[in-house]
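Topology and contacts: notes
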Amino acid sequence: AFAAMGVFSGGAMPDDVEAFCSDPTTGIYTTPPRDVQACLVALADKNLLTVHETAAGDRYGMFALMREFARDKLRDMGALDGAVAGHARHFAGLAARLRAAADTGGSQLAEYKTTLAREHDNLYAAFDWAIVNDPPTALRLANAAGSYLYLSGAWTDNRRWLITALERSPADQDQHTRAHALAKASFISERLNDLESAARYGAQALDLARASGNRRALADALRYAANLASRQQRYPQAVDLAAQAAEHSAALGLALDAALARVIMGEACLAQNKFEEAERHFAAGYAVRVERGDRRGQAQTLSLQGASAYRQQDYARARTLLQHALAILRDIGDIVNQAAALEVLGTVQRNLGQYDEAEACFLESMAIARRLGDNDAYCAALDSKAALSYVTGNVERAGREFTECLRLCQQNGDYRRACFCLEGLAMVALAAGQPERAATLFGASEAARASLRAPLPPSESDVYARAVAALAARWPDAGARERAWRTGAGLSIGEAIALALGVNPPAPDRPSA
């Protein structure tokens, strides 16, 4: 048991040491499994091991020098290579078993994240060895631990593990595992704003899942493809892909996966202001998540329901839903979904005139998004903060924030969000005495929304209507105003963004006749 402890990184639980010592392929099977616990206690009593109390029981570890001594002992036995290989296989298997159990929901979801968080150092040590020496095991580990890395905010590592393991593993390896890994690589690439790679990996995942006849892999690939389609503002296609994913998942008895697909359908409907359809999908997904004890999923759905209520100007309901969602997310330590919930809660508070509270929400959301590398969430919070600057009279700051946000939208390909920025910059231009520029930007945004099938939400309609009325009052020449509006409407979204970004705020323009 002493020598075996040399391969663990960051310590180990007795069950893991026992399972490791029970594996004859490691080359160090010298202690009957039933005696491992007694050996660990005896070694700790002799100060050869450290012991720490955890919620799951005593955890044993080694100081660095003692660990090197144990590894030297394994090396002298000629067992180090086999032991390190066994360590990698053990933790790949542990992660895979926990991930499979987590699909059923309830406490298994929490156990998956808690256990892998406890074994963080062992997971990294196992992957670092396997990616060089045993790429198929590395791929299995990357696939199984991917959700943990994503939920803990290690997005760059999540992507690195998946892509390097896919590149180094034989293409004819277990097609089920490879298809899942490709689908997950597509998802994390999308979250990190590499949409080109996301589309490529997604297409490969779909092709492989269909060719192998693996319905589970196909359901996952379709769900991630739906998520990407929604991100790229292809909302009808997103609904269709998610509906297919939901059908496959339901047929396989994967209720939580089917619920997630329904929620994705709801998001796509919400972006199109199809509130009744969105609410129906959200309610269906929420019911399953409650039944299965999926607290993270519940909070995610509550947050989206809050966004729907906000867009329909039901601010009291929106605030209640969002505060409930945030309470759950903070309780379970989920920072990934906190950024989105905070941004929407901030917009609710802004529209209720609670400006200090709104700004605090936006700043916290931006800080989380920056930490994760989540440009989409950062951009959403920055856009909402820019609107707050505008309504509180800080027009110059609003202009800077809308401009920065629009630049990010251009990089991200987020043209729906870009419409909000164009409208914000139009209002800034109007306040700066530039009605012609304002009319052009309003026209460009209106045309872009029609093309994207992303109408202005009712929650923003009042501010928009007041701005357009102010434009008419300040520039009473209806013919000239209409010509400027049509000029903007004739621009592509890319041309409109270039116009908005390429012109520094000049002196007040003189309306053309």
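Residues numbered from 1 in each chain as written. Predicted model: local features only at pLDDT ≥ 70, side-chain atom pairs only at ≥ 80, totals over all residues. Heavy atoms only, no water.

This part covers the overall build of the chain. When helices and strands are counted, the chain shows 25 helices and two strands. If you line up the chain on its principal axes, its C-alpha atoms span 95 × 50 × 40 Å. Looking at the chain residue by residue over its 513 residues, the buried ones come to 55%. Relative to all contacts within the chain whose residues are 6 or more apart in sequence, the contacts with residues 24 or more apart total 64%. Just so you have it, the chain exposes about 21300 Å², and 52% of that area is on carbon and sulfur atoms. Charge-centre separation for the chain: the mean point of 55 positive side chains lies 3 Å from the mean point of 60 negative side chains. (Helix = DSSP H or I, 4+ residues; strand = E, 2+ residues; numbered from the N terminus. Buried < 20%, exposed > 50% of the residue type's maximum accessible area, 1.4 Å probe, protein only. Contact = heavy atoms within 4.5 Å. Areas by Shrake-Rupley, 256 points an atom, 1.4 Å probe, with all protein chains shown as cover. Lys, Arg positive; Asp, Glu negative; His and termini not counted. Charge placed at Lys NZ, Arg CZ, Asp CG, Glu CD.)

Right, let's get into the packing of helix α19 (residues 375-391) against helix α20 (residues 395-412). For the pair α19 and α20, the least separation of the axes is 8 Å and the interaxial angle reads 155°. The pairing of α19 with α20 is recorded here as roughly antiparallel in orientation. With respect to the hand of their crossing, α19 and α20 are arranged in left-handed fashion. Between α19, through N375, D376, Y378, C379, L382, D383, K385, A386, A387, S389 and Y390, and α20, the contact on the second element is made entirely by V395, R397, A398, E401, F402, E404, C405, L408, C409 and N412. When grouped by side-chain class, the residues that make up the contact of α19 with α20 number 12 nonpolar, three polar and six charged. (Axes fitted to C-alpha atoms, helices over the stretch in contact; angles between N-to-C directions. Parallel < 35°, antiparallel > 145°, perpendicular 65-115°, else oblique. Left-handed = near helix turned anticlockwise from the far one by under 90°. Nonpolar A, V, L, I, M, F, W, Y, C, P; charged D, E, K, R; others polar.)

Both strand β1 (residues 50-54) and strand β2 (residues 57-61) contribute to a ladder of five bridges, which runs antiparallel. Bridging across to β2, V51 finds its partner in Y60. What sits between the antiparallel neighbours β1 and β2 is a turn of two residues. (Pairing = 2+ DSSP bridges.)

Counted according to the given criterion, the structure contains 24 salt bridges. A salt bridge links R449 to E423, with the shortest nitrogen-to-oxygen separation between them at 2.8 Å. Taken together, the residues R449 in helix α22 (residues 435-452) and E423 in helix α21 (residues 415-431) connect sequence positions 26 residues apart. Each member of the pair, R449 as well as E423, is classed as buried. Linked by salt bridges that have partners in common, R99, D103, R216, D220, R223 and D257 make up one network. (Salt bridge = Lys/Arg side-chain N within 4 Å of Asp/Glu carboxyl O.)

Another point: the confidence of the model for the chain. Atom-level detail of predicted coordinates should not be read off regions where pLDDT is low. Looking at the chain, the pLDDT average stands at 92 and 96% of residues meet or exceed 70. Overall, residues 504-513 carries pLDDT values under 50, and its contacts beyond four positions in sequence, including any with other chains, amount to 22 contacts. (pLDDT = per-residue confidence, 0-100.)

Our focus in this paragraph is the nonpolar core. Core analysis: the biggest nonpolar cluster contains 164 residues, and M5, L141, W161 and L406 have the highest contact counts within it. If one sorts the elements of this core by residue count, α21 sits on top with 11 residues. Sequence-distant contacts of W161, defined by excluding residues within four places in its chain, comprise L123, Y124, F127, L141, A142, A145 and L149. (Core = buried A, V, L, I, M, F, W, Y, C linked by side-chain atoms within 4.5 Å.)

Moving on, we get to the packing of aromatic side chains. In this structure the tally under the stated criterion is 11 aromatic pairs. Residues Y150 and W155 carry aromatic rings whose centres are separated by 5.2 Å and whose planes lie at 10° to one another, so their mutual orientation is stacked. A relative accessible area of 1% means that W155 is categorised as buried. With a centroid separation of 5.4 Å and 85° between ring planes, the pair formed by F442 and Y464 is classed as edge-to-face. One end of the pair, F442, is in helix α22; the other, Y464, is in helix α23 (residues 458-474), with 22 residues separating them in the sequence. Both residues of the pair, F442 and Y464, count as buried. In textbook terms, an aromatic cluster arises when at least three aromatic residues are bridged by ring pairs, as seen for Y150, W155, F187 and Y224. (Phe/Tyr/Trp six-rings, centres within 6.5 Å; stacked < 30°, edge-to-face > 60°.)

We now examine α20. Given a rise of 1.5 Å per residue, 18 residues ought to cover 26 Å, and the 25 Å separating the end C-alpha atoms of α20 matches this to within 8%. Residues of α20 that are buried include every one of A398, G399, E401, F402, C405, L406, L408, C409 and N412, and no others. Each element contacted by the buried residues of α20 is listed here: α10 (195-212), α11 (215-231), α19, α21 and α25 (493-502). Immediately downstream of α20, the backbone of G413 shows phi near 70°, a positive value. (Expected span 1.5 Å × (residues − 1).)

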